[in-house]
Amino acid sequence: MPKIYELLGYPVEDHSPSVVESRKRAYCPFISDKCDGGGNRHMSDIELRDCPEMQALFPGLQRIPSGVCSIQVKDNEAPWIICPRRLFYMGKYANESILRGTTQSILLDKCGFNSGDRIGIWTETKIKYESDDAEDDLHAFDYTFDYILMPIGRVKLSEAVCISGVDNITLEKNLRDAGYTFALRGGEVYLEDFPIGTPVIVEVMTSSTSGGNKRKRSCIPQAFEDCMLGKDHLAPGINYRQVWARMASQLIVKSQVALEWGGRTIWVLQDVLAEYISSSTALDLHRLLSEYTNEVNILAFSYANKYKLSESGKVIELSDSALYAGPIKAGQNNNPEPCFQDIVLAAVCPPKSVLISALCKKTMANQLVI
C-alpha cells in the first residue's frame, strides 16, 4: 500500500530534534524557505483552524501546504518523487548552498558553460510567438519553460534593442519593470546582467498522483495530516501514464527550439520514471547512455539504496545520476541507431487477433451500407 516516504524534506521516520523543529515551521530544506507545495499544489493546502491537532504541530501558522515530497508505493522499492522542489530547484529562494548542491552541480556540469561565466536563472518563462505569415494559431508557439539558464553580461542598450527585436521605448520599460540596472558610460547607456550567451532550458518532470480516495483518507491532504499526527496513513498511488503523457507532448518541441537558439534542453527526471519510459515505449533509454549532451537530453537522478539507509537529521542526496542523450530522429540510410522519435512509439503492437477478440466482447453500436 502506498505510503508517504518523505515529509517536509525528510524521511517520515526521522524524528530527530532538528527535523522536528524544521517541520514546525513547515520548512523545506530543498528551497531554504517555507514549503510552497511544489509551486502548483495550492488546492492541497490545509487550513489549520479546521484542525486543532494539526495547529498544535505548526505554532503560529494559519495555513500550510501538504508537504509531501515522495511516496513509496511498495516496501523495499525506491520512492517516487512527486514534488519538483525535492528533485531539482534553482529558483528565487535558493541560496548559494542550494545553487551548488548535488543535483544542481551535476546538471551544471552537463550545460557546457565556460569557467568564469556568470549565469542568469529565469523561472516559469512563458514564450508566446506567432510567425508573421501565420493566418491562424496553427503556426503559433506557446510554451512555458521551468528554468532558463543563460550567461549574462554588460551590453549597450542599443545592442539590446537589436538582440531582443523590441523597440527602444518598450524594451526600456520592460527592463526597468524587471529590475535591470542601467549605467551611463561615455555618453552611452549600458545594461548590466543582460542575457548574452546561448541558453540551456531545464525542464523538471516529477510524478503525478492518482488523486486518492476521500473515504479511505488517501488524498494528499488527508495522508499528510494522518502522517504528521503519527497515525497509520494511506497515500495515493502514482499515475504513471499521466506524467509520461505530459512530458511526451513537449519533449521534442522544447528540445528542438533550444537547438534553434543554439543551446540545449535538459530534462530532469527520477530514474524510476526513466525506467517506465524504457519499458512502455519503443525507446530503450539505456541505449542512449552518454557522457555528453546531444539534441535531446534526459538527466535521471536516483535514490540508489540511500532510501534504505537514511541518516538521521539529513536529507537524502540524489547523488547517483545518468545522462541519456541522442538525436531527435534517426539518420539516413535506415540508420538502426536509437533516436528520441522512438519515444512516441508503442513498446509492442498487439496482433490483429487481439482486436477481433475485443470486438467480440462488445455489442455493435450501429451499422450502415456504403
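Anything mentioned here points back to the structure above.
Residues numbered from 1 in each chain as written. Predicted model: local features only at pLDDT ≥ 70, side-chain atom pairs only at ≥ 80, totals over all residues. Heavy atoms only, no water.

Draft legend 1. Summary view of the overall build of the protein. Looking only at helices and strands, the protein features 11 helices and 17 strands. Seen through its C-alpha atoms, the protein measures out along the principal axes to roughly 70 × 70 × 45 Å. In the protein, buried positions account for 43% of the 370 residues. Look at the contacts in the protein between residues 6 or more apart in sequence, and 69% of them connect residues 24 or more apart. Surface summary for the protein: the accessible area is close to 20700 Å², and the carbon and sulfur share equals 50%. (Helix = DSSP H or I, 4+ residues; strand = E, 2+ residues; numbered from the N terminus. Buried < 20%, exposed > 50% of the residue type's maximum accessible area, 1.4 Å probe, protein only. Contact = heavy atoms within 4.5 Å. Areas by Shrake-Rupley, 256 points an atom, 1.4 Å probe, with all protein chains shown as cover.)

Draft legend 2. Up close: the environment of threonine 103. With respect to the helices and strands, the residue threonine 103 is situated in helix α5 (residues 102-111). Given the relative accessible area of 9%, threonine 103 is considered buried. Between the C-alpha atoms of threonine 103 and leucine 318, which are 215 residues apart in sequence, the distance is 6.5 Å. A polar side-chain atom of threonine 103 sits 3.1 Å from a polar atom in the side chain of glutamine 104. (Polar contact = N/O pair within 3.5 Å; in protein donor to acceptor, adjacent residues only side chain to side chain.)

Draft legend 3. Region of interest: the packing of aromatic side chains. In the structure shown here, the tally under the stated rule is 7 aromatic pairs. Relative to tyrosine 147, the ring of phenylalanine 88 lies with its centre 5.7 Å away and its plane at 85°, an arrangement referred to as edge-to-face. Within this pair, whereas phenylalanine 88 is found in the loop between α3 (84-87) and α4 (96-99), its partner tyrosine 147 is found in strand β10 (residues 140-156), the two being separated by 59 residues in sequence. Between tyrosine 180 and phenylalanine 194, the aromatic rings sit 6.5 Å apart at their centres with planes inclined by 55°, giving tilted as the arrangement. Of this pair, tyrosine 180 sits in the loop between α7 (168-177) and β11 (182-185) while phenylalanine 194 sits in strand β12 (residues 188-195); the two residues are 14 residues apart in sequence, bridging distant segments of the chain. A relative accessible area of 6% means that phenylalanine 194 is categorised as buried. Each residue in the set Phe141, Tyr143, Phe145 and Trp261 is aromatic and connected to the rest through ring pairs, giving one cluster. Across the ring face of tyrosine 27, the terminal group of arginine 25 is positioned such that the distance to the ring centre comes to 4.8 Å. The lysine or arginine in question, arginine 176, covers the ring of phenylalanine 182, its NZ or CZ lying 3.9 Å from the ring centre. (Phe/Tyr/Trp six-rings, centres within 6.5 Å; stacked < 30°, edge-to-face > 60°. Lys NZ or Arg CZ within 6 Å of the ring centre and 35° of its normal.)

Draft legend 4. The nonpolar core, seen in detail. Of all hydrophobic cores here, the largest spans 78 residues; its most connected members are Phe58 and Phe224. Contact partners of phenylalanine 224, with chain neighbours within four places excluded, come to Ile4, Leu7, Leu8, Ile46, Met54, Phe58, Ile64, Pro65, Ser66, Gly67 and Val68. Counting residues in hydrophobic clusters, the runner-up holds 8 residues, among them Val155, Ala160, Leu171 and Phe182. (Core = buried A, V, L, I, M, F, W, Y, C linked by side-chain atoms within 4.5 Å.)

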